[in-house]
Structures are given as structure tokens and as C-alpha cells.
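Examination of the molecular architecture
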Amino acid sequence: MPTYEYKCDKCGHLFEQMQGITSKSLRKCPKCGKLALKRLIGTGAGLIFKGSGFYATDYRSDNYKASVKKETPEKSGEKKETTTTPAKAETKSTAEAKKTANKKNQETKRR
């Protein structure tokens, strides 16, 4: 429920009142009893979002997000990013063995 500020134009009494958003503004001053209250435009309050879908860390810097990622343990269902290393180059002897095997296969197919 929001808090609204009121001021009486007759006696100058200033106070805050918690009211629902759809509630009508107060009109009668609790101090002098006259119908001279005005609702003031307030600065509002800080909002706190609770529940799923919003977290304070959503708008943090990239450095902060990276350090948090390192510290948090992985969940069992998540896959860890891995870097792949390039395959080793074939040695000459292995390459030559494959060539000769291919030639033999082609010769046997021709017969």
C-alpha cells in the first residue's frame, strides 16, 4: 500500500497516510477538522521487486557477472562450455599408410 502526504491549507498540518491506490483522497484534517486537505505530490519510494523474473544482479557489470559465474557451482543438468582443441595433424607415416590402403581397396574393386 502506498503512503501519501497530506497538508491542511487552514492549519498547515502535514502528515502521511497509508492508503490503497484506488482509495479516495482524504478531505478532512485530523488536527483542525476542516475540509481543507490537499494531497501533495510525493517523490515516491524505492521499489523492491520480489519474486521470479527480476533479480538485482540482472543489471550488474560484466566483470561482476563473470566472477559470480566462477563462484557458483554448476547444476547437474547444465552443460559446461568446453573449448575444443584442434585435431593433431597426421604424421607422414599414418598418411602414407592410408594412401596405400586406399590404393589397395581401389585395385580390389576393379578386379
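Anyway, here's the lowdown on the structure attached to this text.

Scanning the chain from terminus to terminus reveals two helices and three strands. Expressed as a percentage of its 111 residues, the buried residues of the chain come to 8%. Within the chain, counting contacts between residues at least 6 apart in sequence, those at least 24 apart form 25% of the total. Of the roughly 10,900 Å² that the chain leaves accessible, carbon and sulfur atoms contribute 52%.

What the rule picks out here adds up to one aromatic pair. Between Tyr-6 and Phe-15 the ring centres are 5.7 Å apart and the planes differ by 20°, which places this aromatic pair in the stacked class. Residue classification places Tyr-6 among the buried positions, given a relative accessible area of 0%. The cationic tip of Arg-39 hangs over the ring face of Tyr-4; the distance from NZ or CZ to the ring centre is 4.1 Å.

So, about the nonpolar core. Listed in full, the seven residues of the largest apolar core are Tyr-4, Tyr-6, Cys-8, Phe-15, Cys-29, Ala-36 and Leu-37. If near-sequence neighbours (up to four positions away) are discounted, Ala-36 is found in contact with Lys-7, Cys-8, Asp-9, Lys-10 and Arg-27.

Counting across every chain of the model gives zero disulfides. Of the cysteine sulfurs around Cys-8, a residue in no disulfide, the closest is that of Cys-11, at 3.7 Å. Classification of Cys-8 by relative accessible area gives buried; the value is 1%.

Moving on, we come to the sheet that holds strand S3 (residues 37-39). Strand order in the open sheet formed by three strands is S2-S1-S3, with antiparallel pairing between adjacent strands. With one partner strand each, in any of the chains shown, strand S2 (14-18) and S3 form the two edges of the open sheet. In this sheet, neighbouring strand axes are inclined to one another by 35° on average, regardless of whether the strands run parallel or antiparallel. Sheet topology places strand S1 (residues 3-8) next to S2; five bridges connect them, and they run antiparallel. For Thr-3, the partnering residue across the bridge sits in S2 and is Met-18.

This next bit is on the environment of Phe-15. Along the polypeptide, Phe-15 turns up in strand S2. When its relative accessible area of 14% is taken as the criterion, Phe-15 is described as buried. In the structure, Phe-15 is positioned 15 residues away from Pro-30 in sequence and 9.4 Å away in space, judged by C-alpha atoms. If we ignore the near neighbours within four places in the chain, the residues touching Phe-15 are Tyr-4, Glu-5, Tyr-6, Leu-26, Pro-30 and Leu-37.

Rules and cut-offs
Residues numbered from 1 in each chain as written. Predicted model: local features only at pLDDT ≥ 70, side-chain atom pairs only at ≥ 80, totals over all residues. Heavy atoms only, no water. Helix = DSSP H or I, 4+ residues; strand = E, 2+ residues; numbered from the N terminus. Buried < 20%, exposed > 50% of the residue type's maximum accessible area, 1.4 Å probe, protein only. Contact = heavy atoms within 4.5 Å. Areas by Shrake-Rupley, 256 points an atom, 1.4 Å probe, with all protein chains shown as cover. Phe/Tyr/Trp six-rings, centres within 6.5 Å; stacked < 30°, edge-to-face > 60°. Lys NZ or Arg CZ within 6 Å of the ring centre and 35° of its normal. Core = buried A, V, L, I, M, F, W, Y, C linked by side-chain atoms within 4.5 Å. Disulfide = S-S within 2.5 Å. Pairing = 2+ DSSP bridges. Axes fitted to C-alpha atoms, helices over the stretch in contact; angles between N-to-C directions.

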